[in-house]
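Analysis of the macromolecular model
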Amino acid sequence: MNKSFVNLENTANRPDGVYKQVIDRIKDDGVCPFCPEHLGRYHKKPIVTDGRYWILTDNMYPYKGAKHHILLIHKRHIEAIVDVLPEAWSELLELVRVEAKKRSIAGGTFYLRFGDTSYTGASVTHLHANLISPDIDSKDREPILTRVG
Ligand SMILES: [Zn+2]
């Protein structure tokens, strides 16, 4: 069996089914959708920042209720947190700081998904982080929930 770069089971918390179809197609393609050579094939949002270690872009499939759902994708394909270099950690935090300031994000959640997707709830194995801020002015506001494991 070929290595899979996606985990279909972790799309179950996405209600509309579109995301699951996308991940299903990527699984059939047998490639990592977050590796730079494939990213443009699956990801149609502009790259906001192309750093030395990270790409910062908006999530194509933001969580319902999110005003900002930003992805920070490690540029080299890694999955383990121990493979993040100290310089990469520094850049990651700086990118988050700059973007939060630029977008005037008053509050939100920032988390990193790494390692075996059975533990993380990630649909893509390639190490990445999420910066999410809710739209608190939305009339039908509900809590944004995400999966861990
Ligand atoms: Zn990758």
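Below you will find a few notes about this structure. (Residues numbered from 1 in each chain as written. Predicted model: local features only at pLDDT ≥ 70, side-chain atom pairs only at ≥ 80, totals over all residues. Heavy atoms only, no water.)

**A few points about the coordination of the zinc ion**
Coordination of the zinc ion by the protein comes from C32 (SG), C35 (SG), H77 (ND1) and H126 (ND1), over a distance range of 2.0 to 2.3 Å. Of note is the zinc ion, whose 4 donor atoms meet at the metal with angles of 103 to 118 degrees in an arrangement that counts as tetrahedral. (Donors = N, O, S within 2.8 Å, 3.2 Å for Na, K, Ca; no water. Tetrahedral: all angles 85-135°; square planar, octahedral: opposite > 155°, others 65-115°.)

**With respect to the sheet that holds strand β4 (residues 109–113)**
Across a sheet, strands are paired by hydrogen bonds formed along the backbone, either parallel or antiparallel in direction. Taking strand neighbours across the sheet as the criterion, the 5 strands line up as β1-β2-β3-β5-β4 in an open arrangement whose pairing is antiparallel. In this open sheet, the two strands that pair with only one neighbour each are β1 (47–50) and β4. The mean angle between the axes of side-by-side strands here comes to 20 degrees, regardless of whether they run parallel or antiparallel. Bridge count for strand β2 (residues 54–58) against strand β3 (residues 66–74) is 5 bridges, and the pairing is antiparallel. For D58, the partnering residue across the bridge sits in β3 and is I70. Strands in contact with helix α3 (residues 86–102) are β1, β2, β3, β4 and β5 (128–134); relative to β2, the strand with the most contacts, it is inclined by about 30 degrees. (Pairing = 2+ DSSP bridges. Helix = DSSP H or I, 4+ residues; strand = E, 2+ residues; numbered from the N terminus. Axes fitted to C-alpha atoms, helices over the stretch in contact; angles between N-to-C directions. Contact = heavy atoms within 4.5 Å.)

**A word on empty space enclosed by the protein**
Under the counting rule described, the total for this entry stands at 1 cavity of 30 Å³ or more. Here the largest cavity is characterised by a volume of approximately 300 Å³. As for the largest cavity, its lining consists of 27 residues, of which Y19, F34, N59, S123 and V124 are closest to the centre. Those elements giving two or more residues to the lining of the largest cavity turn out to be α1 (18–29), α2 (36–42), β3 and β5. Of the residues forming the lining of the largest cavity, the biggest block, 4 residues, is contributed by α1. A class-by-class count of the residues in the lining of the largest cavity yields 14 nonpolar, 10 polar and 3 charged. (1 Å grid on protein atoms, 1.4 Å probe; cavity = no way out; pocket = protein on both sides within 12 Å on 5 of 7 lines; lining within 4 Å. Points joined across faces, edges and corners; volume = space filled by probe spheres on them. Nonpolar A, V, L, I, M, F, W, Y, C, P; charged D, E, K, R; others polar.)

**A closer look at the pairing of β5**
In terms of residue burial, β5 counts as a mostly covered element, since 6 of its 7 residues are buried. Of the strand pairs in this sheet, β3 and β5 are connected by 7 bridges, and their pairing is antiparallel. Along β5, the bridge assignment pairs H69 with I132. Bridge count for β4 against β5 is 5 bridges, and the pairing is antiparallel. (Buried < 20%, exposed > 50% of the residue type's maximum accessible area, 1.4 Å probe, protein only.)

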